[in-house]
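Coordinate inspection notes
Spelled out, the chains give:
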Amino acid sequence: MNGPGFYQSRLQRPGAVLAPMAGYSDAPMRQLAAEQGALWTVSEMISARGLMGGGDTEKLNLGRPYPGEQGRVVQLFGAESDVLAGAVARAEAWFAPAALDLNMGCPVPKIRGKGGACLLQTPETAYDLVRAMRSATTLDVSAKIRLGWDHDRSVEVAQGLEAAGAALITVHGRTSAQRYTGEADWDAIARVAAAVKVPVVGSGDITTPATARERQRTGVAAVMIGRGAVGNPWIFRALASGQDAWPDAQERARTALRHAELQEQFYDDDTGRLTLRPLRKVLPQYLPDFPELRGPLTQVLTAGDVRQVLAPLLGDGGADLTPARPAGYAVSHS
């Protein structure tokens, strides 16, 4: 790519980034976020070793773009330089990513010793991985870290990643030991942003546009939003446009239905194995002010089921529903 790298060019405009989230940030969710103005989106993390093994439908779905997808970063995890370099080349050939990211933040026990947050215990290994990834591509290579394994060493790690050639560093403001408990430490993120010359993206506990703007003032180049974007792609529109109005129930219901339709189109599985079960945890979050819909939405199997449940809000007939409380943008998304 000629001229400014992908990250630098995207950071010239306002907005926020969709975080990589296992089980959430697949192609349908990325498409909705991108349409609402996300600066870029990040795939669910993909095992470098699994990618090199090839032939795994699930792995292919993790990285596969939706038709016409642009601005999508593919995130890899692993702990071996040669395997990651090979996975970068394969990901670039198969998935046409805009950039590649190294996962150094996932605290899930099952990937310990295979990469993720474990790399925070041996950051020199991580620096070697970034160098190996850079050697395999002309695209930007970035890394997403936590503050540390069980104590904060984020400045040291970020400086090492910068020296290894990372074009951008994302910092989640918790240690691996904290998992998702407590509050994200944005003072620590600010220290990282001040300590390196490459852009730093901050992550942790952003659920509203107001919070995002407050965190932006810590000196980060942008904020990354994960759980706060589930059932709420409009948070990206708000940050890209400055207009914070939360959509009415009909628009939210229509988007929930569209999410279900995109799910069916993308996975297009005639065995019946890939139903809407993965969306059962997502769909109710589009309509938190209609608690009576939660039960039915957690039972759906098809987009037709979703349409039937949401008919009163879609304008398709049926009894009207009344919000349990006034809708407002600050509705919490856990």
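Notes on the structure follow.

Scoring rules and cut-offs
- Residues numbered from 1 in each chain as written.
- Predicted model: local features only at pLDDT ≥ 70, side-chain atom pairs only at ≥ 80, totals over all residues.
- Heavy atoms only, no water.
- Helix = DSSP H or I, 4+ residues; strand = E, 2+ residues; numbered from the N terminus.
- Buried < 20%, exposed > 50% of the residue type's maximum accessible area, 1.4 Å probe, protein only.
- Areas by Shrake-Rupley, 256 points an atom, 1.4 Å probe, with all protein chains shown as cover.
- Phe/Tyr/Trp six-rings, centres within 6.5 Å; stacked < 30°, edge-to-face > 60°.
- Lys NZ or Arg CZ within 6 Å of the ring centre and 35° of its normal.
- Pairing = 2+ DSSP bridges.
- Right-handed = clockwise from strand over helix to strand, strands pointing away.

**Structural notes on the overall build of the protein**
When helices and strands are tallied, the protein shows 13 helices and nine strands. The burial tally for the protein puts 55% of its 334 residues in the buried class. In the structure as shown, the protein presents an accessible area of about 14,000 Å², 48% of it carried by carbon and sulfur atoms.

**Quick look at the environment of R254**
Here R254 lies in helix α11 (residues 249–267). Linking R254 and L310, residues 56 residues apart in sequence, is a C-alpha distance of 8.4 Å.

**Remarks on the packing of aromatic side chains**
All chains considered together, the criterion is met by six aromatic pairs. Ring centres 6.0 Å apart and planes at 80° place the aromatic pair W234 and Y286 in the edge-to-face group. In this pair, W234 sits in helix α10 (residues 234–241) while Y286 sits in the loop between α11 and α12 (294–297), placing the two residues 52 residues apart along the sequence. Here W234 matches Y286 in class, with each residue buried. With 4.9 Å between their ring centres and 85° between their planes, F266 and Y267 make a pair best called edge-to-face. In terms of burial, F266 and Y267 fall into one category: buried. A connected cluster of aromatic rings, assembled from ring pairs, spans F6, Y7 and W40. Between R64 and the ring centre of F266, over which it is positioned, the NZ or CZ distance is 3.9 Å. A cation sits over an aromatic face here: R146 above Y180, 4.9 Å from the ring centre.

**As for the pairing of strand β8 (residues 200–203)**
Side chains V200 and G202 project from β8 onto one buried face, and the interleaved V201 and S203 project onto a second face that is buried too. Note that strand β7 (residues 168–172) and β8 share four bridges and pair parallel. Bridging across to β8, I169 finds its partner in V200. Each parallel crossover has a hand, and the one from β7 via helix α8 (residues 186–195) to β8 is right-handed. The pairing of β8 with strand β9 (residues 222–225) spans three bridges and is parallel. Looking at the pairing, G202 lines up with V223 of β9. Following the chain from β8 across helix α9 (residues 209–216) to the adjacent parallel β9, one finds a crossover that is right-handed.

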